[in-house]
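For reference, the chains in residue letters:
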Amino acid sequence: ALPSLNKDDPNSALVTYMQADSTNPRNSALLLVLRRLLAEPAFAELRTKKQLGYIVSLSSGGYGRGYGSVRGIVVRILSQRFSPLVMEKELGAFLDTQRGVMAALQDAEVSELSHSIVRSILDPPTTYSEEGGEFWNAIVNEMPFDWTEQVIQALKSLTAQDVI
């Protein structure tokens with residue numbers, strides 16, 4: 001726990017980054033599935049049920065560019081009531097329970113979830129910025145121009161064992 005720059009601010013924050021392997025289509029597909037599996041239960045358990053913080057989010061994140069980058073899952077909790085150490089303990093307990101949920105995954109569930117993610121990826125752009133930014137990641141982060149298609153193919157081939 002770090003000292004606050006503003007002693008009158010009662011807020012505490014926990015930012016946890018769980019690093020995956022190097023960027024490739026399969027790892028990106030796995031992180032999309034994991035994020036989809038964990039985000040709603042994290043909010044429901046940590047925010048709604050335990051009222052751990054007024055902000056609880058789980059998202060993907062990364063460091064670096066291109067194939068040299070590393071991706072992972074980021075959990076952010078902001079609380080007026082609990083210290084970062086308490087938040088970390090509760091996050092650990094939540095992740096332990098999710099390990100059991102993951103162990104029970106079936107191929108049909110992973111396939112359905114993967115197809116749902118593919119549908120959301122393939123949704124047509126709704127703004128000019130989305131349409132114009134289709135290849136932004138390829139240009140800025142030195143990724144292949146067919147990156148989306150590679151990730152979609154990886155999503156289609158994922159099994160429950162891959163996710164576990």
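Nothing here was measured: the structure is a model prediction, and the numbers come from that model.

Novice: Looking at this structure, I do not really get the overall build of the protein chain. What am I missing?
Specialist: Looking only at helices and strands, one finds 7 helices and 3 strands in the protein chain. Ordered by position in the sequence, the α and β elements of the protein chain form the string β-α-β-β-α-α-α-α-α-α. Counting only C-alpha atoms, the protein chain reaches 50 × 40 × 30 Å along its principal axes. The proportion of buried residues among the 164 residues of the protein chain is 29%. Of the contacts formed within the protein chain by residues at least 6 apart in sequence, a portion of 76% connects residues at least 24 apart. Roughly 10,400 Å² of accessible area belongs to the protein chain as shown, and the carbon and sulfur atoms make up 55% of that amount.

Novice: Please clarify how the nonpolar core should be interpreted in this entry.
Specialist: Soluble globular proteins tend to bury their nonpolar side chains together. Core analysis: the largest hydrophobic core is formed by 33 residues, its most contacted members being Val 33, Leu 46, Ile 77, Leu 155, Leu 158 and Val 163. Within the residue set of this core, elements represented by two or more residues are helix H1 (25–49), strand S2 (55–63), strand S3 (70–79), helix H2 (84–103), helix H3 (107–122), helix H6 (147–157) and helix H7 (160–163). At 8 residues, H1 tops the list of elements feeding residues into this core. Ignoring anything within four residues of it in the chain, the contact list for Ile 77 reads Ser 12, Ala 13, Leu 14, Leu 46, Leu 52, Gly 53, Ile 55, Val 56 and Met 87.

Conventions and cut-offs
- Residues numbered from 1 in each chain as written.
- Predicted model: local features only at pLDDT ≥ 70, side-chain atom pairs only at ≥ 80, totals over all residues.
- Heavy atoms only, no water.
- Helix = DSSP H or I, 4+ residues; strand = E, 2+ residues; numbered from the N terminus.
- Buried < 20%, exposed > 50% of the residue type's maximum accessible area, 1.4 Å probe, protein only.
- Contact = heavy atoms within 4.5 Å.
- Areas by Shrake-Rupley, 256 points an atom, 1.4 Å probe, with all protein chains shown as cover.
- Core = buried A, V, L, I, M, F, W, Y, C linked by side-chain atoms within 4.5 Å.

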